[in-house]
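Structural characterization, general
Chain by chain, the residues:
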Amino acid sequence: MTILLKKVFQDTGISLNVLQVLVTNTYDSILITDATKDAKIIYANKAFKKLTGYDPSEVMGKSPRILQGAATDRKVIARLTDSLKRGGRFEGKAVNYKKNGTPFIMHWRVLPVKVGNQVKFWVAIQRDGFVI
Ligand SMILES: Cc1cc2nc3c(=O)[nH]c(=O)nc-3n(C[C@H](O)[C@H](O)[C@H](O)COP(=O)(O)O)c2cc1C
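Residues numbered from 1 in each chain as written. Predicted model: local features only at pLDDT ≥ 70, side-chain atom pairs only at ≥ 80, totals over all residues. Heavy atoms only, no water.

1. Details of the overall build of the protein chain
From N to C terminus, the protein chain includes five helices and five strands. When its helices and strands are written in sequence order, the protein chain yields α-α-β-β-α-α-α-β-β-β. Taken against the 2.2 N^0.38 rule, which gives 14 Å for 132 residues, the C-alpha radius of gyration of the protein chain at 15 Å falls within 12% of a compact globule. Considering only C-alpha atoms, the protein chain reaches an extent of 50 × 30 × 30 Å along its principal axes. Expressed as a percentage of the 132 residues in the protein chain, the buried residues total 32%. A separation of at least 24 residues holds for 36% of the contacts in the protein chain among residues at least 6 apart in sequence. Summed over its atoms, the accessible surface of the protein chain is roughly 8800 Å², and 59% of this surface lies on carbon and sulfur atoms. A distance of 2 Å separates the average location of the 22 positive side-chain charges in the protein chain from that of its 10 negative side-chain charges. (Helix = DSSP H or I, 4+ residues; strand = E, 2+ residues; numbered from the N terminus. Rg over C-alpha atoms; globule rule 2.2 N^0.38 Å. Buried < 20%, exposed > 50% of the residue type's maximum accessible area, 1.4 Å probe, protein only. Contact = heavy atoms within 4.5 Å. Areas by Shrake-Rupley, 256 points an atom, 1.4 Å probe, with all protein chains shown as cover. Lys, Arg positive; Asp, Glu negative; His and termini not counted. Charge placed at Lys NZ, Arg CZ, Asp CG, Glu CD.)

The following block contains the structure:
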């Protein structure tokens, strides 16, 4: 973390409030899963609903796999699975499907949140990967 960011998080003692403002207002979709093998969703922000059409409340406890379908590139998903097993980070693009079935290119990153060496949560940052 840069020194300035550390200052915001440490000196003010309001790091949770800062995080909450960032996560709930960012234009990017944010998904947090638990660190179980099936990576169940425990949080999704409003931008997730804008991107996928799913209300955060209806995806709680489900796997982000619900976004996949026939045209989803299994090689990308295999690479993600491999990264998760190694506790590492992932970035990729694959076809995903909105709640209404519309396909789109998901461009996303998955990052581990660790306590010590142990992964406690996975955080995904997602956006529409369609670039003009
Ligand atoms: C935090 C997180 C976010 C994920 N987001 C997506 C996503 O947006 N789109 C997608 O196709 N898969 C996503 N996945 C991948 C699936 O949840 C799952 O790991 C993948 O499908 C491999 O498992 P499976 O082979 O059992 O389907 C995400 C995984 C994690 C941990």
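2. Notes on the side chain of Thr 33
Checked against the element boundaries, Thr 33 lands in strand 1 (residues 29-34). When its relative accessible area of 6% is taken as the criterion, Thr 33 is described as buried. Here Thr 33 is in contact with Ala 39, Lys 40, Ile 41, Ile 42, Pro 64, Phe 121 and Trp 122, once residues within four sequence places are set aside.

3. Some thoughts on the site of the ligand
Taken together, 19 residues sit near the ligand, with Arg 65, Gln 68, Leu 80, Asn 96 and Gln 126 positioned nearest. Gln 68 is positioned with one of its side-chain polar atoms (N or O) 2.9 Å from an oxygen atom of the ligand. Contact between the ligand and Arg 74: an oxygen atom at 3.4 Å from a side-chain N or O atom of the residue. Compared with its free state, where it exposes 620 Å², the ligand has 88% of that area covered by protein. (Near = heavy atom within 4 Å. Polar contact = N/O pair within 3.5 Å; in protein donor to acceptor, adjacent residues only side chain to side chain.)

4. A few points about the pattern of salt bridges
Counted under the stated rule, the structure contains seven salt bridges. Across the salt bridge formed by Lys 99 and Glu 58, the nearest N and O atoms sit 3.1 Å from each other. Highlighted residues: Lys 99 in the loop between strand 3 (90-97) and strand 4 (103-115) and Glu 58 in helix 4 (residues 56-59), separated in sequence by 41 residues. The exposure class of Glu 58 is partly exposed, given its relative accessible area of 29%. Glu 91 serves as the salt-bridge partner of Arg 109, at 3.0 Å between the closest nitrogen and oxygen. Taken as a pair, Arg 109 in strand 4 and Glu 91 in strand 3 lie far apart in primary sequence, 18 residues in all. By sharing partners, the salt bridges in this structure join Asp 38, Lys 40 and Arg 65 into a single network. (Salt bridge = Lys/Arg side-chain N within 4 Å of Asp/Glu carboxyl O.)

On their own, these measurements won't tell you what the molecule is for.
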